[in-house]
Amino acid sequence: MSQWTRDGFILSDDPAQLDLEAMHAYLSQAYWSEGIPFGLMVRAVENSLPFGLYHDGAQIGFCRVITDRATFGYLADVYVLEAYRHRGLAEWMMRVVHDHPSLQGFRRWVLLTRDAHPLYRKIGYSTPADPQMYMEWRRRRSYAE
């Protein structure tokens, strides 16, 4: 397990440090995962490479990478609590994640976002070069069913 520090903040890839209840409180209200059941969130985290962001012993942010650790990474569930935004923490977290030793050599990273395009553009994301190649199968309101 690794950890990185910056200005009193700690970013860690140690899943044992995650505050699952705090994460669920945030993610169950987020637009992309509204209503997610606790157990489903836990299973998603367990099957990903998770990163917790901490300050003064409390978890204040999170993201995870869904990956084969060889060719592809899907960046998911990225957040920094409102009180800690506008300090460059999300950008720092993204740069550390992309530099993680287990996530090197990918031919493609992807993510979905409704409102954070400027953040992700800073670290190299762009709209798909060939959007006609992308397809999805989507269950709407899957957590409410």
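Residues numbered from 1 in each chain as written. Predicted model: local features only at pLDDT ≥ 70, side-chain atom pairs only at ≥ 80, totals over all residues. Heavy atoms only, no water.

Caption draft 1: Layout of the environment of leucine 112. Inspection of the secondary structure puts leucine 112 in the loop between strand E6 (108–111) and helix H4 (117–122). A sequence separation of 21 residues divides leucine 112 from methionine 133, and the C-alpha atoms of the two residues are 16 Å apart. (Helix = DSSP H or I, 4+ residues; strand = E, 2+ residues; numbered from the N terminus.)

Caption draft 2: Structural context of helix H2 (residues 38–46). Of the positions making up H2, those classed as buried are Met41, Val42 and Val45. Projected down its long axis, H2 carries its buried residues within an arc of 100°, all on one side. Residues of H2 that are exposed and point more than 90 degrees away from the buried face comprise Arg43 and Glu46. The secondary structure elements touched by the buried residues of H2 are helix H1 (20–27), strand E3 (49–55) and strand E4 (58–67). (Buried < 20%, exposed > 50% of the residue type's maximum accessible area, 1.4 Å probe, protein only. Arc of directions from axis to C-beta. Contact = heavy atoms within 4.5 Å.)

Caption draft 3: Region of interest: the pattern of salt bridges. Scanning all chains against the criterion turns up five salt bridges. Close ionic contact of glutamate 91 with arginine 95 constitutes a salt bridge, the shortest N to O distance being 2.9 Å. Highlighted residues: glutamate 91 and arginine 95, both in helix H3 (residues 89–99), separated by four residues, approximately one helical turn. Of the residues examined, arginine 95 reaches a relative accessible area of 38% and is grouped as partly exposed. (Salt bridge = Lys/Arg side-chain N within 4 Å of Asp/Glu carboxyl O.)

Caption draft 4: Quick peek at the pairing of E3. Of all seven residues in E3, seven are buried, a share of seventy percent or more. Covered by surrounding structure in E3 are Leu49, Phe51, Leu53 and His55 together with Pro50, Gly52 and Tyr54, the residues of both alternating faces. Looking at chain direction, strand E2 (residues 9–12) and E3 are connected through four bridges and run antiparallel. Considered in E3, the bridge of serine 12 is made with glycine 52. With seven bridges connecting them, E3 and E4 associate as antiparallel partners. Among the inter-strand pairings, tyrosine 54 is bridged to a residue of E4, identified as glutamine 59. Here E3 hands over to E4 after two residues, with aspartate 56 in that stretch at a positive phi of 50°. (Pairing = 2+ DSSP bridges.)

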